[in-house]
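# Chain and residue survey
Each chain, letter by letter, is given below.
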Amino acid sequence: MIIDVHTHHVPRGWPDLGWPEAPRLRVESEREAMILLGDREFRRIQDDCWNPRVRLDRMDADGIDVQVVSPTPVFFSYERPAAQAAGVARILNDLALEICDSERLVPFCQVPLQDPDLACAELDRCLAAGHAGVEIGNHVGDLDLDDAGIVQFLQHCAAVGAPVFVHPWDMADSPRLRRWMAQWLVGMPAETHLSVLALILGGVFDRVPDSLRICFAHGGGSFAFWLGRFENAWHRRNDVVGTSLLPPSAYLERFSVDSVVFDERALRLLVDTMGEERVMLGSDFPYPLGETPVGSLIRGAGFLTEETRAKLLGGNAVRFLGR
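Description of the structure in this document. (Residues numbered from 1 in each chain as written. Predicted model: local features only at pLDDT ≥ 70, side-chain atom pairs only at ≥ 80, totals over all residues. Heavy atoms only, no water.)

## A look at a nonpolar patch on the surface
The grouping of W180, M181, L185, V186 and L289 at the surface amounts to a nonpolar patch, some 550 Å² of accessible area in total. Locating M181 in the fold gives a position in the loop between β8 (164–167) and α5 (182–201). (Patch = residues over 30% accessible without salt bridge, like charges linked within 9 Å, V, L, I, M, F, W, Y side chains within 5 Å. Areas by Shrake-Rupley, 256 points an atom, 1.4 Å probe, with all protein chains shown as cover. Salt bridge = Lys/Arg side-chain N within 4 Å of Asp/Glu carboxyl O. Helix = DSSP H or I, 4+ residues; strand = E, 2+ residues; numbered from the N terminus.)

## With respect to the pattern of salt bridges
Counting across every chain of the model gives 18 salt bridges. Notably, a salt bridge pairs E277 with K311, separated by 2.7 Å at the nearest N-O pair. Here K311 lies in helix α11 (residues 306–321) and E277 lies in the loop between α9 (264–274) and β11 (279–280), a separation of 34 residues in the sequence. Between E277 and R319 there is a salt bridge whose closest N-O contact spans 3.5 Å. One end of the pair, E277, is in the loop between α9 and β11; the other, R319, is in helix α11, with 42 residues separating them in the sequence. By relative accessible area, E277 is classed as partly exposed at 30%. Salt bridges linked by common partners bring R26, E28, E32, E41 and R44 together as one network. (Buried < 20%, exposed > 50% of the residue type's maximum accessible area, 1.4 Å probe, protein only.)

## Description of the nonpolar core
Counting 66 residues, the largest nonpolar core has I136, F153, L154, I214, F223, F255 and L267 as its most contacted members. Every residue in contact with I136, bar those within four places of it in the chain, is listed here: F76, Y78, V111, L113, L145, F153, L154, V164, F165, V166 and H167. Counting residues in each nonpolar core, the second largest holds 17 residues, with I35, C49, W50 and F75 among its members. (Core = buried A, V, L, I, M, F, W, Y, C linked by side-chain atoms within 4.5 Å. Contact = heavy atoms within 4.5 Å.)

## A short note on the packing of aromatic side chains
Going through the model one piece at a time under the given rule, you end up with nine aromatic pairs. Relative to F320, the ring of F108 lies with its centre 6.4 Å away and its plane at 40°, an arrangement referred to as tilted. You can see F108 sitting in strand β6 (residues 105–109) and its partner F320 sitting in helix α11, a full 212 residues away along the chain. Both residues of the pair, F108 and F320, belong to the buried class. Seen in terms of ring centroids, F205 and F255 are 6.0 Å apart; in terms of plane orientation they differ by 5°. Their pairing is stacked. With a gap of 50 residues between them, F205 in helix α6 (residues 204–207) and F255 in the loop between α8 (238–241) and β10 (256–258) connect regions that are remote in the sequence. Assigned by exposure class, F205 and F255 land together as buried. Here a set of aromatic residues connected by ring pairs shows up, and it is made of F205, F216, F223, F230, Y251 and F255. (Phe/Tyr/Trp six-rings, centres within 6.5 Å; stacked < 30°, edge-to-face > 60°.)

## Considering helix α7 (residues 223–236)
Each full turn of the α-helix corresponds to 3.6 residues, which orients residues three or four apart in the same direction. In this model α7 runs 19 Å from its N-terminal to its C-terminal C-alpha over 14 residues, within 8% of the 20 Å that 1.5 Å per residue would give. Its maximal kink placed at R229, α7 deviates by approximately 30°. By the burial criterion, the buried members of α7 are F223, A224, L227, F230, E231 and W234. (Expected span 1.5 Å × (residues − 1). Bend = angle between axes of the 7 residues up to and from the residue.)

## Observations concerning helix α2 (residues 82–99)
The terminal C-alpha atoms of α2, which comprises 18 residues, lie 26 Å apart, in line with the 26 Å expected from a rise of 1.5 Å per residue. The complete set of buried residues in α2 reads A85, A86, V88, A89, L92, N93, L95, A96 and I99. Tucked into the core, α2 has its buried residues touching β1 (3–9), α1 (52–62), β6 and α3 (116–129).

## Some words on the side chain of H167
Here H167 shows up in strand β8. Here H8 takes part through its side chain, which lies 3.3 Å from a polar atom of the side chain of H167. Not counting the four nearest positions on each side in its chain, H167 is found in contact with H6, H8, P73, E135, I136, G137, N138, M188, A217, H218 and D284. (Polar contact = N/O pair within 3.5 Å; in protein donor to acceptor, adjacent residues only side chain to side chain.)

## Overview of the sheet that holds strand β3 (residues 32–37)
Strand order in the open sheet made by the three strands is β2-β3-β4, with antiparallel pairing throughout. Only two strands of the sheet have a single partner each, and these edge strands are β2 (23–27) and β4 (40–46). Taking the axes of each pair of neighbouring strands and ignoring which way they run, one obtains an average angle of 30° across the sheet. Of the pairings in the sheet, the one linking β2 to β3 comprises five bridges and is antiparallel in character. Counted as the bridge partner of R26 is M34 from β3. (Pairing = 2+ DSSP bridges. Axes fitted to C-alpha atoms, helices over the stretch in contact; angles between N-to-C directions.)

## A look at the layout of surface pockets
Its volume calculated, the second largest pocket comes out at about 230 Å³. Along the wall of the second largest pocket there are 13 residues; nearest its centre are L212, R213, E253, S256 and R319. Examining the composition of the lining of the second largest pocket, we find that three residues originate from one element, α11, more than from any other. Looking at side-chain class alone, the lining of the second largest pocket contains four nonpolar, two polar and seven charged residues. (1 Å grid on protein atoms, 1.4 Å probe; cavity = no way out; pocket = protein on both sides within 12 Å on 5 of 7 lines; lining within 4 Å. Points joined across faces, edges and corners; volume = space filled by probe spheres on them. Nonpolar A, V, L, I, M, F, W, Y, C, P; charged D, E, K, R; others polar.)

So far we have only geometry, and geometry alone does not tell us how the molecule works.
So this is what it looks like as structure tokens:
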């Protein structure tokens, strides 16, 4: 069983979401469309975002049995009033079920994370309707994952057994970051690293039961490379950094990461740091910065034993999904 835990969808259409800069879609052909933010072009997409038959054909070509299909983060709407974000989530989540009309496509929902009560209610509604878990952004405005409301939501996810996939979004912007897609090449890894720090140093893992299944996109960002620096700071500047009960390395068993790192040396570091039980195949399908062919890095990594390779390609994801 080969399972890709990191893919995205965009429906082929949705109602007016209710504010001038809201995401909308300009359909240009049966196969192509443009996501607009108001009148500004955001991203060109193709029918593999919304057509399950096309998606399944691509999966067959890459030897993928199952995809976890999550929202595209531009739709999170965390900056909007909570009731409005809840309405957006309901629309996109219901459309996701139409796209995931095969048992090989496993939908994850989105929630209005700025309001924990509404977020818990929407998660429960979606789990009852057929979603298998939830994707959340790595922050809500200036609130990181150790915010009390987000912790309340994570505690609820643990209680109901919903796996959580954390994806960076809304990266910092500056003239320096607008060159070379630097928001994606530098900002996304940094944002993911920061959110892992928030769960550890913010004491979230000390407050959330270890039944919580949570995975970070893009190999956990730069976290694995800088764990030693992080650990050193916890011990040497405990007056500032030591806000968790235990040092950072003690929490590695509490979360997983995907494999979207594109380089065998980076994958080796991930496996060495996180352990072979906590790295799962991810591709970022169907976007251009994703892995193609899906699974090629894990399949071609010479340092992996066949037993470990099988865990990364699907065994770990089976456990993450609770299957």
